[in-house]
Amino acid sequence: MRSPEAMPSAKRPKFHTGSDSDSETESSRVASNSRGRLDTHTPNRPDASVDTATPPIPYWSAKRHLTCGNPTPQPSWSAKLTPWRNSTLGKLKTANAALILCLNMDVDPPDVIKTQPCAALECWVDPRLLPASRALEAIGANLKSQYEGLSLKIQYKPILDPSQDDIRKCCQQLRRQAKDDAVLFHYNGHGVPKPTASGELWCFNRNYTQYIPVGLHEIQTWLGSPGVYIWDCSAAGHLLQNFNTIAERRDTDMNFQRGGYPVDATPFMHSIQLAACAANEQLPSCPELPADVFTSCLTSPIDMALRYFVINERLPDGVEPDMIMQLPGDLKDRRTPLGELNWIFIAITDTIAWTSFSRETFSRLYRCDLLVASLFRNFLLAERILKNYNCTPHTYPPLPATNTIRIHSPSVHDEHDVLPGRIGSDTSQSPPYVYVPNRFFADQLTAFEDFYLDEDTPKRGSFGFDDALVPRKPPDQLPIVLQVLLSQPHRLRALILLSQFLLQAAGQDLRPVLIFIWTRILAVDPSVQTDLYNNPQGYRYFTRILAMPMMAMCCFILSSLSRDFPNGQNACLDERVFEACLHKLDDGDFLLRQWAALCMAQLWDSSDKARADAISMQPSPTEKLIDLLCDASVEVRCAALFALQTLMGTSGAADPEKRGGGGTGTLLGLFDQDESMHLRVEVSLVTNATFQIKEDASPMCRKELLVLISCLVKEWRGYFVVCAWLYWEEDRRWRSGYDVDQEDLATEAIQEWEESLPGDNQQVAESKIILKSIFTIFLVLLDLSIDPYPEVAAHAQTIVDYVMALLLESPFSKLSCTTLKHAPELPNESNSPIEPPVARQRTHSTQSVNLPPSPNKLRRPAFSRADTIANVTNSVSNTLRRTSSFANALKSLAGGVTFPSADDGLSLFSSPSKPEFSEPLRPPSPNLNVVKYVSPYYRSAVPYTNGNGAQADQDIPQPIFFPAHVMEALMEEDMERLRARHRRHRRNGNSVPSPSRSTFSTDSTGSYLVGLGTGNNMKDVLPLKSSYFDWCTEYFTEPQMRQTEADEPGSVQYNHQVWRQRRNEQVDAEIHSQAEAAPYLPWDRSVATLQATGHPMTMAFHSYDKHLVVANENDVVTVWDWSSKKRLNQFCNGNHRGSSITSLHLINQDVGGIILTGSDDGIIRLFRNYDPALEQGPVQLVSAFRGLERIPMQRGSGLITDWKASNGTLLIGGDSRVIQTWDAQTELHGPEIETQSDSPVTAIAAGRNVFSDTFLAGFADGAVKMFDLRLDVEEPVVTTFPGHSAWVQNICPHPTYSHQFLSAGSQDGVVKLWDLRNNREALGTWNLSPSGLAAFDVHRNAEVFAGSSAISPTQWKEQKVKVQSMKKATVSSALVVSTGHVHPPRRSTHRMTSLVFHPTEMLYGVGEPDGTVRILGCNLGAEPDY
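Remember, predicted model here, so these are calculated numbers, not experimental data.

S.K.: Break down the sheet that holds strand S24 (residues 1264-1268) for me, with residues and values.
M.R.: One open sheet holds the four strands; their spatial order is S22-S23-S24-S25, and the pairing between them is antiparallel. The sheet is open, and its two edges are formed by strand S22 (1241-1246) and strand S25 (1277-1281), each paired on a single side. When strand polarity is set aside, the average angle formed by the axes of neighbouring strands in this sheet is 20 degrees. Sheet topology places strand S23 (residues 1254-1259) next to S24; five bridges connect them, and they run antiparallel. Pairing of Thr 1254 across the sheet is with Asp 1268, part of S24.

S.K.: Tell me what's going on with the environment of Phe 812, and back it up with residues and numbers.
M.R.: Within the secondary structure, Phe 812 sits in the loop between helix H32 (790-809) and helix H33 (873-883). For the pair Phe 812 and Phe 961, spaced 149 residues apart in the sequence, the C-alpha separation amounts to 9.7 Å. Residue contacts for Phe 812: discarding those within four places in its chain leaves Val 721, Val 722, Trp 725, Leu 807, Thr 818, Leu 820, Pro 963, Val 966, Met 967 and Leu 970.

S.K.: Account for a negative patch on the surface, with residues named and values stated.
M.R.: Together, Glu 1232, Glu 1234, Asp 1272, Glu 1274 and Glu 1275 make up a negatively charged patch on the protein surface. The topology assignment puts Glu 1232 in strand S21 (residues 1228-1234). Note on Glu 1232: relative accessible area 41%, which makes it partly exposed.

S.K.: Before we move on, can you summarise the sheet that holds strand S14 (residues 1141-1147) with the specific residues and values?
M.R.: Read from one edge to the other, the open sheet built from four strands follows the order S14-S15-S16-S17, with strand pairing classed as antiparallel. The outermost strands of the open sheet, each flanked by one partner alone, are S14 and strand S17 (1180-1186). Going from strand to strand, the sheet's axes swing by 20 degrees on average, the running direction of each strand aside. Across six bridges, S14 lies against strand S15 (residues 1154-1159) in antiparallel orientation. Bridge assignment links Ile 1147 to a residue of S15, and that residue is Ile 1154.

S.K.: Report on the nonpolar core, specifying residues and quantitative values.
M.R.: The biggest cluster of nonpolar side chains holds 151 residues, and the ones touching the most others in it are Leu 625 and Phe 812. Ala 182, Leu 239, Leu 240 and Phe 243 belong to the second-largest nonpolar core, a separate cluster that totals 108 residues.

S.K.: Talk me through the pattern of salt bridges; I want residue IDs and the actual numbers.
M.R.: Throughout the structure, instances matching the rule amount to 42 salt bridges. Note that Asp 787 and Arg 702 form a salt bridge whose closest N and O atoms lie 2.9 Å from each other. Taken together, the residues Asp 787 in the loop between helix H31 (761-784) and H32 and Arg 702 in helix H28 (residues 699-715) connect sequence positions 85 residues apart. Exposure remark for Asp 787: the relative accessible area of 11% places this residue in the buried category.

S.K.: I'd love a proper account of the pairing of strand S19 (residues 1209-1214), names of residues and values included.
M.R.: The two faces of the sheet receive side chains in turn, since in a regular strand these alternate between them. With respect to burial, S19 is a largely interior element, six of its six residues being buried. Side chains Thr 1209, Leu 1211 and Gly 1213 project from S19 onto one buried face, and the interleaved Leu 1210, Ile 1212 and Gly 1214 project onto a second face that is buried too. In this sheet, S19 lies alongside strand S18 (residues 1199-1204) in antiparallel orientation, the contact comprising six bridges. When the bridges of S19 are listed, Lys 1204 appears paired with Thr 1209. Hairpin remark: S18 followed by S19, antiparallel, with four residues in the connecting loop; positive phi at Gly 1208, about 65 degrees.

S.K.: Could you give me a rundown of the packing of aromatic side chains, with the residues and numbers involved?
M.R.: Summed over all chains, the structure comprises 39 aromatic pairs. Ring centres of Phe 204 and Tyr 211 lie 5.9 Å apart, and the angle between their planes is 45 degrees; on these two criteria the pair is classed as tilted. Residue classification places Tyr 211 among the partly exposed residues on the basis of a relative accessible area of 24%. Pairing Trp 1326 with Phe 1345 gives two aromatic rings, centres 5.2 Å apart and planes at 70 degrees, and the pair type is edge-to-face. On the criterion of sequence distance, the pair formed by Trp 1326 in strand S29 (residues 1324-1327) and Phe 1345 in strand S31 (residues 1344-1349) is long-range, its members being 19 residues apart. Residue Phe 1345 is classed as buried on the basis of its relative accessible area, which comes to 0%. Stacked on the ring of Trp 354, the Lys or Arg Arg 359 has its end atom at 3.8 Å from the ring centre.

S.K.: So what's going on with the packing of helix H5 (residues 216-223) against helix H6 (residues 237-258)? Residues and values would help.
M.R.: Running from amino to carboxyl end, H5 crosses H6 at an angle of 60 degrees, the nearest separation of the two axes being 9 Å. Judged by the angle between their axes, H5 and H6 are oblique. Our pair here, H5 against H6, has a crossing hand that is right-handed. Residues Leu 216, His 217, Gln 220 and Thr 221 of H5 pack against Leu 239, Asn 242, Phe 243, Ile 246, Ala 247 and Arg 250 of H6. Its residues assigned to classes, the contact of H5 with H6 comprises five nonpolar, four polar and one charged.

S.K.: Could you give an account of the pairing of S21, naming the residues involved and the relevant values?
M.R.: Here strand S20 (residues 1218-1223) pairs with S21 via five bridges, running antiparallel. Looking across to S21, one finds that Asp 1223 is bridged to Leu 1228. Turn length for the S20-S21 hairpin, with the two strands adjacent in sequence and antiparallel, is four residues, and the turn residue Glu 1227 shows positive phi of about 60 degrees.

S.K.: Describe in detail helix H8 (residues 301-312), supporting the description with residues and values.
M.R.: The first and last C-alpha atoms of H8 sit 16 Å apart over twelve residues, in line with the 16 Å expected at 1.5 Å per residue. Among the residues of H8, those classed as buried are Pro 301, Ile 302, Met 304, Leu 306, Tyr 308 and Phe 309. Among the structural elements, helix H7 (293-299), helix H9 (321-325), helix H10 (337-356) and helix H12 (370-386) are those in contact with the buried residues of H8.

Reading the values: rules and limits
- Residues numbered from 1 in each chain as written.
- Predicted model: local features only at pLDDT ≥ 70, side-chain atom pairs only at ≥ 80, totals over all residues.
- Heavy atoms only, no water.
- Pairing = 2+ DSSP bridges.
- Helix = DSSP H or I, 4+ residues; strand = E, 2+ residues; numbered from the N terminus.
- Axes fitted to C-alpha atoms, helices over the stretch in contact; angles between N-to-C directions.
- Contact = heavy atoms within 4.5 Å.
- Patch = residues over 30% accessible without salt bridge, like charges linked within 9 Å, V, L, I, M, F, W, Y side chains within 5 Å.
- Areas by Shrake-Rupley, 256 points an atom, 1.4 Å probe, with all protein chains shown as cover.
- Salt bridge = Lys/Arg side-chain N within 4 Å of Asp/Glu carboxyl O.
- Lys, Arg positive; Asp, Glu negative; His and termini not counted.
- Charge placed at Lys NZ, Arg CZ, Asp CG, Glu CD.
- Buried < 20%, exposed > 50% of the residue type's maximum accessible area, 1.4 Å probe, protein only.
- Core = buried A, V, L, I, M, F, W, Y, C linked by side-chain atoms within 4.5 Å.
- Phe/Tyr/Trp six-rings, centres within 6.5 Å; stacked < 30°, edge-to-face > 60°.
- Lys NZ or Arg CZ within 6 Å of the ring centre and 35° of its normal.
- Parallel < 35°, antiparallel > 145°, perpendicular 65-115°, else oblique.
- Left-handed = near helix turned anticlockwise from the far one by under 90°.
- Nonpolar A, V, L, I, M, F, W, Y, C, P; charged D, E, K, R; others polar.
- Expected span 1.5 Å × (residues − 1).

Next up, the structure:
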């Protein structure tokens, strides 16, 4: 059997992509799969080129995009895990038993009238055949023997015809011996009167002359709790009812008087009882039955069942009753008829209990104690027999009736051909008969396979509904399958079926089946790690397999064994599991790489030894993990980050309150002699990870990075406070326009700090590098605090506000020159080199727009000194450009300590029309928006500022010190925290987290600033806690081979996909004939007119659905059903005020669709569930990331994108000198292409050929360049086309010929047709609009294009939209659009109209400035004009 990571996935339905879905062909999408797309937590798939009918995997649709690493919350109706370990009810263990027999042979009780004949057998002994004394002894010995057949480990003490003192002494003695375990009290009262209504049972006096009553209160006192009671007498219900009444009263008194029982004590109501009949019932006296039929059923069920069968069934010919009663064999030997029948009986009764009782009841009665399980298993037989004789057995806890359940089990009829040969044969022969095993278990396994695992059987809930509505019903045969595991002939088949039930995985080898089962068990109940550890051969079994082909699941099992379990962790380290996992980080299977890293993480968690070994090991594990941060799998990158988190001190435990801390720990004294080396190790590790992940497109990776950074911030918070202050001071100077008269505190402080550093030049340089690195990490934190994905931003804001809160309470706030307690001023726009943001207007004036020759002219330097932290200047500038100021990045600081921005005015580019509906206030959230911001303060407001924001204690004299002194003290305090770690190691050798509050004294340097107590008044919010391990574990709790609902024939999703496929195929079939005729027909057919919110600046049609997506000039996205003129949805994009959406795409159109938006602040966002007709819930944010680092320009091109669905490549350009490529499969950025131009990118067009690595880009200077991704990123230009005199409005591939494309000039209004093989001159030229073009597009299937005229000072009241055929010179149609302008503009504007063709149908849409969207189409019924 192969492991799931090596198994092919279940067969998918053969859907295919439409001919132009997502701008690509079906063949291109299928061929793209051969590039090895990675899917979240799915087994390796065969190469898609093998089966061209296999559909492409939708982009941004994996599990990580639904959950972002958050464990999926269980629905309210889902079954909860039954507590079966270490629970109060689960502690039951029977230690000994008192067998009380009150028979008084030859003397009938006064209230019992026996019929003649009547039942006489007691424990299968006929007392009429023996003297009274010997009969009583024989009955007691038999009863003890029958109980020993149930459990041999218990001491049974028969008490024959006892007095009250005998019962008392026996009970007290057994309780002393049992201690806290249970005592069994078996009472047979056939020779005494029936129990009284008040709950008294009877015994004898010493001389057997009187019946003595014994109260249940006395028995409870003598026997204590817990106990198991069996009442075998007439009117036994009196005892059960009164026992509960007395027990409840005693428990209530204990709770009232003493507040409850001690931890190690058990309430009396937890006692277990079995009664033979109700309070008003008499035991049966049928002579064919034994007198103690209830006891016989409980202790010798097979004998009782055979006798009952003989009484009630007609036997086959040749089979005598004695032959049945003398069935050969041994009850303990399953290879004999009697043993096999007993085994079948156990399987049947277990199945009845499993299917009839609650999981809690079943676990308590059938899985806690062997004797109790046997008694309750046999009780089902007693209930079935006694109810036929007008007796109703009762139990406590009460159980539902089971006697009406039909049982199809093997009977004597099935074996009548072999029984005569087995019974009465000549025993001298060897063997006397040939035993043929019964087919019961084989048939049950077949039933289990046919009715639950058969592929043709719908996998539904118990009522046939969808799994999401009704939980799946566990199979009835499951207990039988577990019983069969004990049988050698059936074991392999049972294991295979059980593994299929647990993991839906097929195979033929025993080893992988066992691994599957252990994997599933640990995924569902991690507490089983103790059982695995207690059996050394158990976990060593998996450590040995770790060196064999089946490894990913072994890594999971061993990581679960190590998780928050030091014993298991040490056992794995001793077995060299860490080294094995380190070796597997280079494996080709992404699932193995992922779990190898996660296993290493759990081995590092809170283990100084493992961490120290890792730091000193060669090759370095940390270097391998850093290399994994560039892995093609998002899950592997996150796993590597999780491993680095545990190395840096965060906790990998399941408890959300256990966050960890303490950095890398003591490292066992590796750096006691060089403390700065320990600091450098931790800083360099986090810095390397930060540089690798900070621009990752996956928000899940960025979340895990922040957890890692929080570990460093927690331990070295003094350094981060210093960096925050340095940044604050530079931000203050930037706001003032770098006033030369203003004091440069940051530069002076750094210079003084450098001069005070001890050691040689190398040590000074290392100290400066550490500060630079931490400063860079702080800048990344600022950047991520305004991340477009909410959970990432919340994590970063928690960390940044923690640092800022420390800064506000640090001695920096007491400096005479500080401005920390004052709200920051707005930047001086006249002096600031950065212009305020305005709404995007893609050009302009009559001149082309060029980028500035050097980015430094737009960026403020962090510090003037080149030898301080000047190398992080660019990062400082990037952050400032995005946030406008440091204070704006901290708008929600400290739950009340805020610096609101005064720049809260309306957009400078407002819509002339009133919106039809009020605009949404908040952008859509992700599916699981779990991470929330946590304030660093314990209270909501911080009362240390007055109404003017000034310091409340400003009149108190403050000591005189300088910024450099504060820097030195904060850094020294961090080193004291490190020394405390080392001292703890030297003192007791234990690894403990660093304290959340520092209170170190001045014992190191004597500085009066040391012992600042940084963080004393702060809430302990760091380090952050990751839930990634729990999210990964969910993979092993899900069916591995069962088809998803969308792949299940007959399901709603499957039928919907079939319908979509057929609909798409029909649309594709109609395209060809329409596209051929469209160039010769007019395009003047009016289809629909819509009234959008705001100014429709960007639009996109769905290829197959009747959907049009419109984005206005701000951030509102509206989805329309253009066929019914109905607005389907509207939501905010979430981009910053003053920015707008400049790019829009619909991806995954063959299976539904995801909206991709690009805004001119450089952010890419993806949204799903925009179609309410599918009832998928509200619109949700799928993913968001920064697609391009841009240079701010007031009239630039914004963000320009092109989506190539054939290989999942997103090309992004705009106000930048580079074109960034992104891979949707890996969510990593590809080559960063140098444009070799000082002008912004205005248009991008990728080739439609799946194997093409070339694309075209147009620029603001009129040039058109062809780039090749295979060339050097610094010299990627293949050729340059002369293009146009100025701004290139758009570039579009030719709809028919892949080697041709069209370009349109924004200023000259000229459209040119080019051949990629000829860059000297255009193949064709059309002067579409002499006044310039505001929009241009080409139909993807028909040889037509369209453009709208630009608005100029001479032509500003209306625009003309023309549709031009490539087959003829005349214009196919023209449309006049009103601009709504009252006054002429100062210069030409070219983005006042949006225009886009439908990808498949012969339609196009035009967005007008007043919010009107017109949809027009080709008049297919008109006469062609050839």
